Amino acid sequence: MTIQMAGWGDACGGLAPAAALFHSLSDPTRLNIVKRMAAGEIRVGDLAGELGLAQSTVSAHVACLRDCGLVQGRAQGRSVYYSLSRPELMDMLAQAEVLLAATGNAVSLCPNYGTGSTGAVPTNVELTKENAR
């Protein structure tokens, strides 16, 4: 997918797939799962043990990544082994690390998404109240 810089008037529709991709990676648990899968395929039960999370929680996160086309499953007997379906994902995450290092991890100070934030995006009502102050 190419993100076009020209034609920002219709960018919402054109950038929606990129927004969905980044949203699918916005959860620390999903990033941990991706990082682990970079080392090779793994079963959900084994992931749950490594991450110290309930199997149902890990399964839901893996399903999200699978639905986005980022991971794939391979059945072997009664087990399903999951792995990354796109090696480009690791290239993108490596570039994100470069960007984070270049900015001194400034994104962690973001009031909406940084460390200590609620992660909630202000609504129009909240923005209006803030602007009125």
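Parameters and conventions
Residues numbered from 1 in each chain as written. Predicted model: local features only at pLDDT ≥ 70, side-chain atom pairs only at ≥ 80, totals over all residues. Heavy atoms only, no water. 1 Å grid on protein atoms, 1.4 Å probe; cavity = no way out; pocket = protein on both sides within 12 Å on 5 of 7 lines; lining within 4 Å. Points joined across faces, edges and corners; volume = space filled by probe spheres on them. Helix = DSSP H or I, 4+ residues; strand = E, 2+ residues; numbered from the N terminus. Salt bridge = Lys/Arg side-chain N within 4 Å of Asp/Glu carboxyl O. Buried < 20%, exposed > 50% of the residue type's maximum accessible area, 1.4 Å probe, protein only. Axes fitted to C-alpha atoms, helices over the stretch in contact; angles between N-to-C directions. Parallel < 35°, antiparallel > 145°, perpendicular 65-115°, else oblique. Left-handed = near helix turned anticlockwise from the far one by under 90°. Contact = heavy atoms within 4.5 Å. Nonpolar A, V, L, I, M, F, W, Y, C, P; charged D, E, K, R; others polar. pLDDT = per-residue confidence, 0-100. Core = buried A, V, L, I, M, F, W, Y, C linked by side-chain atoms within 4.5 Å.

A. Expanded view of the layout of surface pockets. Of the pockets and cavities examined, the largest pocket occupies roughly 1,200 Å³. Every residue lining the largest pocket is counted, 27 residues in all, and those nearest its centre are Leu25, Ser26, Leu31, Leu100 and Val107. When residues of the lining of the largest pocket are traced back to their parent elements, those giving at least two are α1 (11-24), α2 (28-37) and α5 (88-102). Looking at the lining of the largest pocket element by element, the count peaks at 9 residues for α5.

B. Quick peek at the pattern of salt bridges. Considering all chains together, one arrives at 5 salt bridges under this definition. Across the salt bridge formed by Arg74 and Glu41, the nearest N and O atoms sit 2.4 Å from each other. In this pair, Arg74 is assigned in strand β1 (residues 71-76) and Glu41 in the loop between α2 and α3 (44-51), connecting sequence segments 33 residues apart. Taking relative accessible area as the criterion, Arg74 reaches 35% and is therefore assigned partly exposed. Salt-bridge contacts for Asp67 lead to Arg66; the nearest nitrogen and oxygen are separated by 3.6 Å.

C. Representation of the packing of α2 against α3 within the structure. Following both chains from N to C, one finds α2 and α3 inclined at 115°, their axes separated by 11 Å at the closest point. Comparing the axis directions of α2 and α3 gives the class roughly perpendicular. Of the two elements, α2 crosses α3, and the hand of that crossing is right-handed. The residues of α3 that touch α2, namely those facing Asn32, Ile33, Arg36 and Met37, are Leu47, Glu50 and Leu51. In the contact of α2 with α3, the residues fall into 4 nonpolar, 1 polar and 2 charged.

D. Structural detail: the confidence of the model for the protein. On average, residues of the protein carry a pLDDT of 82, and 77% of them reach 70 or more. Confidence over residues 5-11 falls short of pLDDT 50; this stretch has 2 contacts with residues more than four positions distant or in other chains. A low-confidence stretch, residues 121-133 stays under pLDDT 50, and its non-local contacts, those more than four residues away or across chains, total 4 contacts.

E. Inspection of the side chain of Ser83 at higher detail. Here Ser83 lies in strand β2 (residues 79-84). Not counting the four nearest positions on each side in its chain, Ser83 is found in contact with Met37, Glu41, Leu70, Val71 and Gln72.

F. Layout of the nonpolar core. Ranked by size, the top nonpolar core spans 17 residues in total, and within it Met37 and Val62 carry the most contacts. Only α2, α3, α4 (55-67), β2 and α5 provide two or more residues apiece to this core.

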